[in-house]
Amino acid sequence: QAQLVESGGGLVQAGGSLRLSCAASGRTFSSYAMGWFRQAPGQEREFVAGISWRGGRTYYPDSVKGRFSISRDNAKNTVYLQMNSLKPEDTAVYSCNAGRDYSGTYYPTNIWGQGTQVTVSS
């Protein structure tokens, strides 16, 4: 079972870029699909990106498609979220998740990191 720790959050200006990392411990990291979720104050947690076990399939909602890119390096036990063209509405706590993907949909498990704050200023 993986344990997940996010890093890379911070304050950026609108239009800027940021790369988040999620480092996993444990020996089963590469057995999971991985995902990123975000939650802004007063809002529901939102799925923002997912990637399959081997990295061959990725998943994005329309809100981030074309701006965010998820990738993984199983040799480093790390998943990344590259965020470009950031908007103030992207401001949230971003958390990584170990999950599964079936039939073109990402499904989270109850394995979460503690989250990293991303703030985008206008």
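One can find the structure itself at the top, above this paragraph.
Because the structure is a prediction, the values reported are computed rather than measured.

Participant: Tell me what's going on with the overall build of the protein chain, and back it up with residues and numbers.
Facilitator: What the protein chain contains, in helices and strands, is zero helices and eleven strands. When the helices and strands of the protein chain are read in sequence order from the N terminus, they spell out β-β-β-β-β-β-β-β-β-β-β. The C-alpha atoms of the protein chain give a radius of gyration of 13 Å, which matches the 14 Å a tight globule of 122 residues would have. Dimensions of the protein chain along its principal axes, counting C-alpha atoms only, are 40 × 30 × 25 Å. Considering the protein chain as a whole, with its 122 residues, one finds that 43% of them fall into the buried category. In the protein chain, the share of contacts with a sequence separation of at least 24, taken over all contacts with a separation of at least 6, comes to 56%. Split by element, the accessible area of the protein chain, about 6,500 Å² in all, is 45% carbon and sulfur.

Participant: Can you tell me about the nonpolar core, naming the residues and giving the values?
Facilitator: One finds Met34, Trp36, Leu81, Met83 and Tyr94 to be the most contacted residues of the largest nonpolar core, which totals 30 residues. If you list the elements that add at least two residues to this core, you get strand E3 (18-25), strand E4 (33-39), strand E5 (46-51), strand E7 (68-73), strand E8 (78-83), strand E9 (92-102) and strand E11 (116-121). Setting aside chain neighbours within four positions, we find Met83 in contact with Gly16, Ser17, Leu18, Leu20, Arg67, Phe68, Tyr94 and Val118.

Calculation criteria
Residues numbered from 1 in each chain as written. Predicted model: local features only at pLDDT ≥ 70, side-chain atom pairs only at ≥ 80, totals over all residues. Heavy atoms only, no water. Helix = DSSP H or I, 4+ residues; strand = E, 2+ residues; numbered from the N terminus. Rg over C-alpha atoms; globule rule 2.2 N^0.38 Å. Buried < 20%, exposed > 50% of the residue type's maximum accessible area, 1.4 Å probe, protein only. Contact = heavy atoms within 4.5 Å. Areas by Shrake-Rupley, 256 points an atom, 1.4 Å probe, with all protein chains shown as cover. Core = buried A, V, L, I, M, F, W, Y, C linked by side-chain atoms within 4.5 Å.

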